[in-house]
Amino acid sequence: MDTLECIRTRRSVRKYKEKPVPWELIANILDSGRLAPCAGNIQNWKFILVREEETRKKVADACLQQRWMEKAPVHIVIVAEPEKAQRFYGTRGERLYTIQNCAAVVENMLLAAHAQGLGACWVGAFDEDALRRTFNLPKDA
């Protein structure tokens, strides 16, 4: 699939097959996220890969009880590290560039999933504190 076709045909998918996703495809998606553009190439993000059913349920709860998410065999949680952007760019880096950087990561991942024949959906509605508790993340993440 060429790039423009991938962009034109990608859709948000909220119904999933009960099939495991091969590691090679997951690795391609993660690598595509890693290659996203970002301010100063600081790559101020980390990825948490979630495959366990119980943890996927906790993520769905933290995402404002979006139960459809539980059926996805894999969740990729993108953890922003705003303090890294703040060191280089001040408040603008912390509050704006961090969000832009992570948004670019998500779009790369969505396109990579679609190009490999996988359905995916960007979930931007979530309770940050609930996700922090679920993954024992620091307060500034």
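Cut-offs used in this document
- Residue numbers run consecutively from 1 along every chain, following the written order of its sequence.
- Where totals are concerned, whole chains, interfaces and linings use all residues; where local detail is concerned, this predicted model gives features only for residues with pLDDT of at least 70, and gives and counts side-chain atom pairs only at 80 or more.
- Side-chain measures were taken over the full set of non-hydrogen atoms in the model, leaving aside hydrogen atoms and water.
- Here the nonpolar core consists of buried residues drawn from Ala, Val, Leu, Ile, Met, Phe, Trp, Tyr and Cys, with membership extended through side-chain atoms lying within 4.5 Å.
- Residue exposure (1.4 Å probe, protein chains only): buried if accessible area is under 20% of the type maximum, exposed if over 50%, otherwise partly exposed.
- A helix here means a DSSP run of H or I that spans at least four residues, while a strand means a run of E at least two residues long, and both kinds are numbered starting from the N terminus.
- By the convention used here, residues are in contact when the closest approach between their heavy atoms is within 4.5 Å.
- Basic side-chain nitrogens of Lys or Arg form a salt bridge, by our definition, when they fall within 4 Å of a carboxyl oxygen of Asp or Glu.
- Centre distance within 6.5 Å is the pairing criterion for rings of Phe, Tyr and Trp, where only the six-membered ring of Trp is used; planes under 30 degrees apart are then read as stacked, over 60 as edge-to-face, and the remainder as tilted.
- Only lysine NZ and arginine CZ atoms are considered, and such an atom sits over a ring when it is within 6 Å of the ring centre and within 35 degrees of the ring normal.

Trainee: How do you make sense of the nonpolar core when you look at a structure like this?
Mentor: The nonpolar side chains of soluble globular proteins are, as a tendency, buried together. Judged by nonpolar contacts, the single largest core of 13 residues is most densely connected at Ile29, Ala36, Trp45 and Val105. Among the elements that take part in this core, helix H4 (residues 82–115) stands out by supplying eight residues, more than any other. The residues touching Ala36, leaving out its near neighbours within four places in the chain, are Trp45, Ala104, Val105 and Asn108. Within the second largest apolar cluster, 12 residues are counted, among which are Val50, Ala60, Ala62 and Ala130.

Trainee: Looking at this structure, how should I read the pattern of salt bridges?
Mentor: Opposite charge on two side chains permits pairing when their charged atoms draw close. Inspection of every chain in the model, using the stated rule, returns eight salt bridges. Across the pair Arg132 and Glu128 runs a salt bridge, and its minimum N-O distance is 3.5 Å. Of the two residues, Arg132 and Glu128 both sit in helix H5 (residues 128–135), four residues apart, roughly one turn of that helix. We classify Glu128 as partly exposed; its relative accessible area is 47%. Ionic pairing is found between Asp129 and Arg132, a salt bridge with its closest N-O pair at 2.6 Å. Of this pair, Asp129 and Arg132 both sit in helix H5, three residues apart, which is roughly one turn of that helix. On the basis of relative accessibility, which here comes to 45%, the residue Asp129 falls in the partly exposed class. Taken together, the shared-partner salt bridges connect Lys46, Glu81 and Lys84 into one network.

Trainee: Teacher, can you tell me more about the packing of aromatic side chains here?
Mentor: The description of two aromatic rings rests on the distance between their centres and on the angle between their planes. Counted under the stated rule, the structure contains three aromatic pairs. Here Tyr16 and Trp68 contribute two aromatic rings whose centre-to-centre distance is 6.5 Å and whose plane-to-plane angle is 25 degrees, an arrangement assigned as stacked. Remark: Trp68 occurs in the loop between helix H3 (53–62) and strand S2 (75–80) and Tyr16 occurs in the loop between helix H1 (3–9) and helix H2 (23–34); sequence separation between them is 52 residues. By relative accessible area, which is 22% here, Trp68 ends up partly exposed. Each ring, one from Phe88 and one from Tyr89, has its centre 6.3 Å from the other, and the planes form 45 degrees; the classification is tilted. One aromatic cluster in this structure is built from Phe88, Tyr89 and Tyr97. Geometry around Trp68 places Arg14 over its ring, the cationic atom sitting 5.5 Å from the centre.

Distances and angles like these do not, on their own, reveal function.
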